[in-house]
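Listed below are the residues making up each chain.
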Amino acid sequence: MNDPLAQFGLKGRVAVVTGASEGIGRGLALGLAAAGADVVVTARREAALEELRAEIAQTGRRAGACAVDVSRVGDIRRLKDFVVERFGRADILVNAAGFTVTKPAWDMQEDEWDRMLDVGFKGLFFSCQIIGGLMRARGYGKIINLSSTFSRSIIKGRAVYGGIKAGVSHLTEALALEWAADGIRVNALAPTAVATPSRAELLSGASLERIVSRIPLGRVAVPDDLVGATIYLASQASDFVTGHTLFVDGGWVAGS
Ligand SMILES: NC(=O)c1ccc[n+]([C@@H]2O[C@H](COP(=O)([O-])OP(=O)(O)OC[C@H]3O[C@@H](n4cnc5c(N)ncnc54)[C@H](OP(=O)(O)O)[C@@H]3O)[C@@H](O)[C@H]2O)c1
């Protein structure tokens with residue numbers, strides 16, 4: 001075998017990261033760039049994307065920023081055109097765009113339901129299909145969908161979110177099966193609570209204590225905790241892994 005560590009390198013690969021303007025997506029875009037990938041970052045907020053693009057470019061990687069709303073399929077097609085025009089290909093797709101409402105199921109509103117599904121499920125599926133189409137053309141690719149521990153374990157206030165994430169893990173398996181013949185590996189990454197701007201309120205005070213009490217390793221995650229697993233799933237090192245949900249959860253699921 002050649003140098004086993006070289007299998008983890010991403011030099012020459014082009015990665016597309018959705019939900020990259022903040023939080024987990026931002027951290028993973030930087031991690032993929034550090035492992036050698038050229039990176040296209042996408043979300044809706046242009047200024048935040050441009051700042052990240054410049055940060056990645058400073059490391060010597062090629063970087064592109066393309067503002068899209070993943071709930072609109074036409075926008076995802078525009079992202080694909082951007083990727084083709086600027087980079088010519090896509091080898092890796094990380095689907096990190098999300099929108100979360102935490103509230104009792106009795107109180108969930110139709111517009112909240114629609115937005116969660118439109119971003120976290122419809123947007124994720126069509127990103128897989130449209131950016132995955134570029135991988136299909138080359139017979140090789142790696143898709144990494146952000147699932148969650150709540151795909152497998154229940155927490156009050158997250159009925160719809162957990163349902164979506166269970167759906168993301170299920171969809172991941174289904175696409176892995178359908179697209180194996182095209183050389184596309186489809187896996188999911190399932191973190192426990194990660195300290196990101198959108199979770200600031202949830203991860204404070206008594207709520208933070210309750211959550212940490214369910215994590216055997218005794219703390220919530222930060223985006224950097226997910227970088228190693230993402231590089232693994234994005235790289236040649238995981239070429240025989242598909243349809244898998246990898247929990248990076250400090251032991252949450254094992255303890256549930
Ligand atoms: N944080 C956690 O505790 C945790 C745990 C497990 C799994 N996850 C999952 O990990 C992913 C990232 O989570 P996160 O906490 O970093 O933040 P998040 O609030 O779930 O997602 C925020 C990102 O999604 C983008 N986004 C939202 N709506 C969008 C839309 N319509 N079109 C395009 N982009 C959109 C946001 O950028 P713009 O506002 O610029 O569009 C931002 O970059 C999500 O799938 C989440 O469910 C998070």
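Structural data are supplied above this passage.
Criteria and cut-off values
Residues numbered from 1 in each chain as written. Predicted model: local features only at pLDDT ≥ 70, side-chain atom pairs only at ≥ 80, totals over all residues. Heavy atoms only, no water. Near = heavy atom within 4 Å. Polar contact = N/O pair within 3.5 Å; in protein donor to acceptor, adjacent residues only side chain to side chain. Areas by Shrake-Rupley, 256 points an atom, 1.4 Å probe, with all protein chains shown as cover. Nonpolar A, V, L, I, M, F, W, Y, C, P; charged D, E, K, R; others polar. Phe/Tyr/Trp six-rings, centres within 6.5 Å; stacked < 30°, edge-to-face > 60°. Helix = DSSP H or I, 4+ residues; strand = E, 2+ residues; numbered from the N terminus. Buried < 20%, exposed > 50% of the residue type's maximum accessible area, 1.4 Å probe, protein only. Lys NZ or Arg CZ within 6 Å of the ring centre and 35° of its normal.

Draft legend 1. How the structure looks around the site of the ligand. Near the ligand there are 28 residues, and of these Ser-21, Arg-44, Tyr-161, Val-194 and Thr-196 occur at the shortest range. Within the side chain of Arg-44, a nitrogen or oxygen atom sits 2.6 Å from an oxygen atom of the ligand. Contact between the ligand and Val-70: a nitrogen atom at 2.9 Å from a main-chain N or O atom of the residue. For the ligand, whose unbound accessible area comes to 870 Å², protein coverage reaches 95%. Grouping the amino acids of the shell around the ligand by side-chain chemistry returns 13 nonpolar, nine polar and six charged.

Draft legend 2. Quick peek at the packing of aromatic side chains. For the structure shown, the criterion picks out four aromatic pairs. Ring geometry for Phe-8 and Tyr-232: centres 6.4 Å apart, planes at 35°, overall tilted. Separated by 224 residues along the polypeptide, Phe-8 in the segment before β1 (14-18) and Tyr-232 in helix α7 (residues 227-234) bring together distant segments of the chain. Residue classification places Phe-8 among the partly exposed positions, given a relative accessible area of 34%. With 5.5 Å between their ring centres and 75° between their planes, Phe-150 and Trp-252 make a pair best called edge-to-face. Placement of Phe-150 in the loop between β5 (141-146) and α5 (159-179) and of Trp-252 in helix α8 (residues 252-255) is noted, with a sequence separation of 102 residues between them. One residue, Arg-115, lies across the ring of Phe-99, its end atom 3.7 Å from the ring centre. A cation over a ring is seen here: Arg-158 above Tyr-161, with NZ or CZ 4.6 Å from the ring centre.

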